[in-house]
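Descriptive analysis of the structure
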Amino acid sequence: MAKDPVCGMVVNEKTALSSEIGGRQFYFCSSSCLNTFANPEKELGKLKKRMYVAVSGALILAIMRGALYLGLAFGAVAVTWAPIPNIPYLTWGLLLFFITTPIQFIGGWTFYVGAYEAVKRRTANMDLLISIGTLAAYIYSTVVLFFPGILPVNERDVYFEVSAVIIAFVLLGKYMEEAIKKRSSASVRKLLDLRPAMARAVRDGVEVEIPASEVAVDDILVVKPGEKIPTDGVVIHGTSAVDEKMITGESIPVDKQPGSEVIGATLNKQGLLKIRATKVGRETALSQIVHIVEEAQASTGNIQRLVDSVSAKFVPAVVSVSVGAFLVWYFVFGNFVTGLLSFIAVLIIACPCALGIATPAALMVGVGKGAEAGILIRGAEYLERSQKIKTVVFDKTGTLTKGEPSVTDIVTFKGFERDDVLQLAGAVETGSEHPLAQAVVREAKQRRLLLVRPEEFEAVSGMGVKAVVNNRDILFGNRKLMNKFEIYSDFIEEKMQELEAHGKTVMIVGVDKEIAGLIAVADTLKASSAAAIKALKDLDIETVMLTGDNEKTAKSVAKSVGIDKVIANVLPGEKAGVIKQLQSEGKVVAMVGDGINDAPALAQADIGIAIGSGSDIAKETGGIILIKDDVMDVARSIRLSRATMKKIRQNLFWALIYNAAGIPVAAIGLLSPMIAAAAMALSSISVIANSSLLKRLKIVDKEGVVKTESMTKDGKQIQEMNLSRI
């Protein structure tokens, strides 16, 4: 058995429609689902047109009916069932017939096609439910209108409006649901778009531009500053810092030198590099991530939509009861008319208007409520899964942290002032594009320190920089730089190790042959991270941090926010495997991430929650998107999803209770089709009214963020210490 990736129905691979898309075989319950998956933009456009036809017609009918009742209320006795006396053949029933017929067969066409395909494959789906109800009302009304002698009812007792409103409601809900969903293969397409289209290869000693797809193993490639690396390889000449955030999710660029491995689609930030291609095509890291995303999306759990599972049992039962009622009345009691009316009444009261909108009605209100708070829920399947979430896994960089380095600590020695140390370091790094240098310059500017251009400047590869500022010799870099210029630094080692134990990158500032201070830089926590973890714990949800960073840094961050479990040193391709392992332990897992490297894990998780400020790939793969860059919305989205799913279950109850009570009464001939339609309408009203109660749900409350006295205005914590006595 396979699962339809659009509607979620379980289908038989032998009888279902199938199509190979993106090199993978998918199975569908109907041609509508197949077209929606293969070409979502085109199919959504068609659905929009059908929805406009149905909703416009339903509005016209509502206006006409309102005008009629308004006229009667004011005593307009001239209002009759022939509203235009000068056109004697244009009766009220005929007017309804002309208005509803386009709605019936233009708006509802895909329902009938889907129902036909379901019958042909001996299955039952929502299309079959909607088709039975709308066609029963329409055909019954048509017979009453054009063959008035067959049934003992008046022309005014037609149900064209019932059929039109059913189609309009269901199409509106279906359009809304499809509009907030994206085709899963779109995320794969955007992943592939990360790879540069062209590469600069060295052929016979000459640089030539070739399509990146033509790069072969062992080709020598030239990558200039600001360009993307075409494929995986190893550096053979040059030094630079490469931004690997789009693949690894880590914000700080990695220094590269001869012998260093580089990843395709990452960005060369500074120097010119020559690399030798080691992997191409499907063997590259990017292609492996694409493959993992495809695997995870294709192997989503066999959770069938609740409405479809109800429909599969409900439709055959209703049809059996209606046919049985007709046969009993005709063959046992010899009453054809009562049998026919019972047959129609059973079908009308069992009409799936309320059942069809039970999910979309709650979804519309719930999604709208979430959108107001910056939370986008992309489909009902994510609501179904959210109620069982027991574990939330967080990516670190860009999710719990800001995703960019900031100055966290300034330590001074030998009588130097903090601002002096920062000012000299900022002056040396003015103009540098390295993120660590930019963090120092940004902090100096925030303190409104004057940064002068250095008189002399020299970059020392792999160590730091040497410069002259205001006639003072400045060194700014790591331990190797201090050793190279024979500056005694043993006395700072304890403090450096203490800072590094918290996952911070420490840079040494030397002035005129002595160490003046230390500047520590790290990716700082978002202000709401700790409060978000606490909110999840209040919901009895386990929290896990999953990161490619080292274990020391990861545990430091986890301790700061109160996360239960840390899984560190995880490569991008391994994250989905960790999610699988958690799921194999019986846990329902949500993954929260923002980077391309999180896409496989987001797809593998029962619910992927993507941070809106993150990559497009993460947002495409996530089932819930947090538009605002606020981690607190994770708990809010789960709370909203649970509340919405609860409303859907209540709606299904109200939709079915009228059927359960009315079907037996209709079957024994005590319920006319007119009363059946009223009961059906009442069930729809109950569903809509119940769904509207979601508007009262308060998902943005007084939950605050953890504040400390050392927090600055932008949420960054800077510890400043003067150790001048050392």
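All residue numbers here refer to positions counted from 1 along the written sequence of the relevant chain. Residue-level local features of this predicted model are given only where pLDDT is at least 70; pairs of side-chain atoms are given and counted only at 80 or more, and the full residue set underlies all totals for whole chains, interfaces and linings. Processing note: side-chain calculations cover all non-hydrogen atoms of the structure and skip hydrogens and water entirely.

**Comments concerning the overall build of the protein**
- A run of H or I in DSSP becomes a helix once it reaches four residues, and a run of E becomes a strand once it reaches two; helices and strands are each numbered from the N terminus. In terms of helices and strands, the protein carries 25 helices and 27 strands.
- A 1.4 Å probe rolled over the protein chains alone gives each residue an accessible area, and that area as a share of the maximum for its type sets the label: buried under 20%, exposed over 50%, partly exposed in between. When burial is assessed residue by residue, the protein has 53% of its 726 residues classed as buried.
- Taking all contacts inside the protein whose residues are at least 6 apart in sequence as the whole, residues at least 24 apart take part in 68%.
- Put simply, the protein shows about 32400 Å² of open surface, and 57% of that area lies on carbon and sulfur atoms. The criterion used for residue contact is that any of the two residues' heavy atoms lie within 4.5 Å. Note on areas: Shrake-Rupley, 1.4 Å probe, and residue coverage restricted to the protein chains presented here.

**Some points on helix α18 (residues 493-500)**
- For α18, the full list of buried residues reads K495, M496 and L499. Buried residues along α18 cover an arc of 100° about the axis, so they all sit on one side. Working definition: the arc comes from the directions between the helix axis and the C-beta atoms, pointing outward to the latter.

**A look at the nonpolar core**
- Throughout this description, the term nonpolar core refers to a set of buried Ala, Val, Leu, Ile, Met, Phe, Trp, Tyr and Cys residues connected via side-chain atoms within 4.5 Å. One finds I389, V392, F394, L536, I609 and V634 to be the most contacted residues of the largest nonpolar core, which totals 44 residues.
- Element by element, the count of residues in this core is highest for helix α24 (residues 633-667), at 7 residues.
- Apart from the residues lying within four places of it in its own chain, the contact partners of I609 are A590, M591, V592, G593, L602, I624, L626, V634 and S637.

**Regarding the pattern of salt bridges**
- By convention in these notes, a salt bridge is any Lys or Arg side-chain nitrogen within 4 Å of a carboxyl oxygen on Asp or Glu. Following the criterion strictly, the structure yields 19 salt bridges and no others.
- For the salt bridge of R200 with E209, the shortest nitrogen-to-oxygen distance reads 3.7 Å.
- E209 sits in the exposed class, given a relative accessible area of 53%.
- D564 is the salt-bridge partner of K537, the closest N and O atoms lying 3.2 Å from each other. Remark: D564 occurs in the loop between α20 (551-561) and β23 (565-567) and K537 occurs in helix α19 (residues 529-538); sequence separation between them is 27 residues.
- Three or more residues are tied together by salt bridges with common partners; here these are R200, E207, E209 and E227.

**Here we look at the sheet that holds strand β12 (residues 267-268)**
- Between any two strands, at least two bridges found by DSSP are needed for them to pair. Strand order in this open sheet of 3 strands is β10-β9-β12, and the pairing throughout is antiparallel. Each of the sheet's edge strands pairs with one partner strand only, and the pair in question is β10 (254-256) and β12.
- One ladder, built from 3 bridges, connects strand β9 (residues 240-243) with β10; its direction is antiparallel. Looking at the pairing, S240 lines up with K256 of β10.

**What about the packing of aromatic side chains?**
- Between the rings of Phe, Tyr and Trp (Trp by its six-membered ring), a pair exists once the centres lie within 6.5 Å; its type follows the angle of the planes, with under 30 degrees stacked, over 60 edge-to-face, and the other angles tilted. Counted by the stated rule, this structure contains 12 aromatic pairs.
- Consider the rings of Y138 and F160, whose centres lie 5.6 Å apart with planes at 70°: the pair is edge-to-face. Placement of Y138 in helix α5 (residues 126-146) and of F160 in helix α6 (residues 160-179) is noted, with a sequence separation of 22 residues between them.
- Note on F160: relative accessible area 0%, which makes it buried.
- Following the ring pairs from residue to residue traces out a cluster consisting of F97, F98, F105, Y112, Y138, F146 and F160.
- Here, a charge over a ring means that NZ of Lys or CZ of Arg falls within 6 Å of the ring centre while also lying within 35 degrees of the ring normal. Against the face of F491 rests K414, its NZ or CZ located 5.2 Å from the ring centre.

**Examining the pairing of strand β21 (residues 514-525)**
- Extensive coverage of β21 is indicated by the burial of 10 of its 12 residues.
- With 7 bridges connecting them, strand β20 (residues 505-511) and β21 associate as antiparallel partners. Bridge pairing links M507 to I519 in β21.

**Here's the deal with a nonpolar patch on the surface**
- A surface patch of nonpolar side chains, about 740 Å² in accessible area, is lined by V319, V323, L327, V328, Y330, F331, V332 and F333.
- Note that F331 resides in helix α10 (residues 306-332). Patch membership needs two things, relative accessible area over 30% and no salt bridge, and members are linked within 9 Å if like-charged or within 5 Å if nonpolar (Val, Leu, Ile, Met, Phe, Trp, Tyr).

**Regarding the packing of helix α15 (residues 418-429) against helix α16 (residues 435-446)**
- Fitting a line to C-alpha atoms yields each axis, with helices limited to the stretch in contact; the angle taken between N-to-C directions then spans 0 to 180 degrees. Orientation of α15 relative to α16, taken along the N-to-C sense of each, is 125°, at an axis distance of 8 Å. Taken together, the axes of α15 and α16 are oblique relative to one another. Where α15 crosses over α16, the two elements pack in a sense that is left-handed. Where α15 abuts α16, its residues L422, A425, G426 and E429 lie against A437, V440, V441, E443 and A444.
- Throughout this entry, Asp, Glu, Lys and Arg are counted as charged residues, while Ala, Val, Leu, Ile, Met, Phe, Trp, Tyr, Cys and Pro are counted as nonpolar. The remaining residues, Gly among them, count as polar. The class makeup of the residues in the contact of α15 with α16 is 6 nonpolar, 1 polar and 2 charged. Put simply, angles under 35 degrees are roughly parallel, angles over 145 are roughly antiparallel, angles from 65 to 115 are roughly perpendicular, and the rest are oblique. Crossings are classed by handedness, with left-handed meaning an anticlockwise turn of the near helix from the far one by less than a right angle and right-handed meaning a clockwise turn.

**Focus on unusual backbone geometry**
- Of note, the phi angle at A265 is positive, near 80°, even though the residue is not glycine.
- If you trace the backbone, A265 turns up in the loop between β11 (261-262) and β12.
- Accessibility expressed as a relative area gives 1% for A265, which makes it buried.
- The backbone of D540 shows a phi angle near 60°, a positive value even though the residue is not glycine.
- Residue class for D540 comes out exposed when judged on its relative accessible area of 66%.

**So, α16**
- One less than the number of residues in a helix, times 1.5 Å, gives the span that helix is expected to have. With 12 residues, α16 should reach 16 Å at 1.5 Å per residue; the first-to-last C-alpha distance of 16 Å fits that figure.
- The complete set of buried residues in α16 reads P435, L436, A437, A439, V440, V441, E443 and A444.
- Buried residues along α16 sit against β16 (401-412), α15, β19 (472-477), β20 and β21.
- Following α16 by one or two positions, R448 adopts a phi angle in the positive range, close to 60°.

**Quick look at the confidence of the model for the protein**
- Note: pLDDT gives the predictor's confidence per residue, expressed from 0 to 100. For the protein, the average pLDDT comes to 76, and 74% of its residues sit at 70 or higher.
- Looking across the protein, the model is least confident in strand β27 (residues 719-722), with a mean pLDDT of 40, and most confident in strand β8 (residues 232-237), with 94.
- This model gives residues 702-726 a pLDDT under 50, and the stretch forms 60 contacts once residues within four places in sequence are excluded.

**Considerations on the side chain of T142**
- Relative to the elements of secondary structure, T142 occurs in helix α5.
- Using a relative accessible area of 19% as the deciding quantity, one classes T142 as buried.
- A 3.5 Å cut-off defines polar contacts: any pair of N or O atoms within that distance qualifies, except that in protein one atom must be a possible hydrogen donor and the other a possible acceptor, and neighbouring residues in sequence count only when both atoms are side-chain atoms. A polar contact is formed between the side chain of T142 and the backbone oxygen of Y138, at a distance of 2.7 Å.
- Those residues in contact with T142 that lie beyond four places of it in its chain are F97, F147 and F160.

**Observations concerning the sheet that holds strand β22 (residues 542-546)**
- Reading across from one edge, β14-β26-β25-β24-β15-β22-β23 is the order of the 7 strands in this open sheet, with mixed pairing throughout. Pairing within the sheet leaves two strands with one partner each, and these edge strands are β14 (375-377) and β23. Within this sheet the neighbouring strands show an average axis-to-axis angle of 20°, counted without direction.
- By the bridge criterion, 3 bridges tie strand β25 (residues 607-611) to strand β26 (residues 624-626) in an arrangement that is parallel. In the strand pairing of β26, I609 is matched with I624.

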